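So the chains spell out like this:
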Amino acid sequence: PNLSEYEYLVAWVYNDSPDYKTINVHIQLNGSNAYDQKVECKRGEWTKLKISIKALTGETGGSLVKKIAFWVSGFEQGTIVYYVDDLYLE
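Nothing here was measured: the structure is a model prediction, and the numbers come from that model.

Draft legend 1. The pattern of salt bridges, seen in detail. Taken as a whole and assessed by the stated rule, the structure comprises two salt bridges. For Lys50, the salt bridge is made with Glu90, and the minimal N-O distance between the two is 3.2 Å. Taken together, the positions of Lys50 in strand 4 (residues 46-52) and Glu90 in the segment after strand 6 (82-89) put the pair 40 residues apart, joining distant regions of the chain. On the basis of relative accessibility, which here comes to 35%, the residue Lys50 falls in the partly exposed class. Residue classification places Glu90 among the partly exposed positions, given a relative accessible area of 34%. Beyond isolated ion pairs, a larger network of salt bridges with shared partners links Lys48, Lys50 and Glu90.

See below:
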C-alpha cells in the first residue's frame, strides 16, 4: 500500500500475562534504524497502538514498510504473554 494515503499504522495488543498487571510493548519498523514506540497494556484488555505515518516515514527515510517487530522489554522474571491482532492502516 501507498503509506501517503494513510495517517496511522494501527495494531491491537492484548496483555494476557499472569505475572504483570501492565506491560510495555514496543513496535519497531524496518530494523535497527526504525521508529520505536511503546504502549502500556493493562492485563485483560485490548490496547490500540497508533503510529503516525508521518513519524514513521520521517524516521525510516521512506514510505515502504519492510519489517514490523513487536516485543516486551525490561522484565527479567515472571511470565509475559501478549497477543498482537488487527494490524492495519488507517
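Structure shown, so let's carry the discussion forward.
Draft legend 2. Spotlight on the sheet that holds strand 4. In spatial order, the strands read 4-1-6; together these three strands make up an open sheet with antiparallel pairing. Edge positions in the sheet fall to strand 4 and strand 6, since each has one partner strand and no second. The mean inter-strand angle of the sheet, taken between neighbouring strand axes irrespective of direction, is 20°. Pairing analysis gives seven bridges linking strand 1 (residues 8-15) to strand 4, with the strands arranged antiparallel. When the bridges of strand 4 are listed, Tyr8 appears paired with Ser52.

Draft legend 3. The arrangement of the sheet that holds strand 2 (residues 22-29) in detail. Strand order in the open sheet formed by three strands is 3-2-5, with antiparallel pairing between adjacent strands. Edge positions in the sheet fall to strand 3 (36-42) and strand 5 (68-72), since each of these pairs with one other strand and no more. Each strand axis lies, on average, 25° off the axis of its neighbour in the sheet, ignoring direction. Across seven bridges, strand 2 lies against strand 3 in antiparallel orientation.

Draft legend 4. Here's a closer look at the packing of aromatic side chains. This structure, assessed with the given rule, holds two aromatic pairs. Aromatic pair Tyr14 and Trp46: ring centres 5.0 Å apart, planes at 50°, arrangement tilted. Of this pair, Tyr14 sits in strand 1 while Trp46 sits in strand 4; the two residues are 32 residues apart in sequence, bridging distant segments of the chain. Judged by relative accessible area, Trp46 falls into the partly exposed class, the value being 42%. On the basis of an interplanar angle of 35° and a centroid distance of 6.4 Å, the ring pair of Tyr14 and Tyr83 is categorised as tilted. Taken as a pair, Tyr14 in strand 1 and Tyr83 in strand 6 lie far apart in primary sequence, 69 residues in all. By relative accessible area, which is 40% here, Tyr83 ends up partly exposed. Each member of the aromatic cluster is reached from another via a ring pair, and the members are Tyr14, Trp46 and Tyr83. For Lys50, the ring lying beneath its charged end belongs to Tyr8, and the centroid distance is 4.1 Å.

Cut-offs used in this document
Residues numbered from 1 in each chain as written. Predicted model: local features only at pLDDT ≥ 70, side-chain atom pairs only at ≥ 80, totals over all residues. Heavy atoms only, no water. Salt bridge = Lys/Arg side-chain N within 4 Å of Asp/Glu carboxyl O. Helix = DSSP H or I, 4+ residues; strand = E, 2+ residues; numbered from the N terminus. Buried < 20%, exposed > 50% of the residue type's maximum accessible area, 1.4 Å probe, protein only. Pairing = 2+ DSSP bridges. Axes fitted to C-alpha atoms, helices over the stretch in contact; angles between N-to-C directions. Phe/Tyr/Trp six-rings, centres within 6.5 Å; stacked < 30°, edge-to-face > 60°. Lys NZ or Arg CZ within 6 Å of the ring centre and 35° of its normal.

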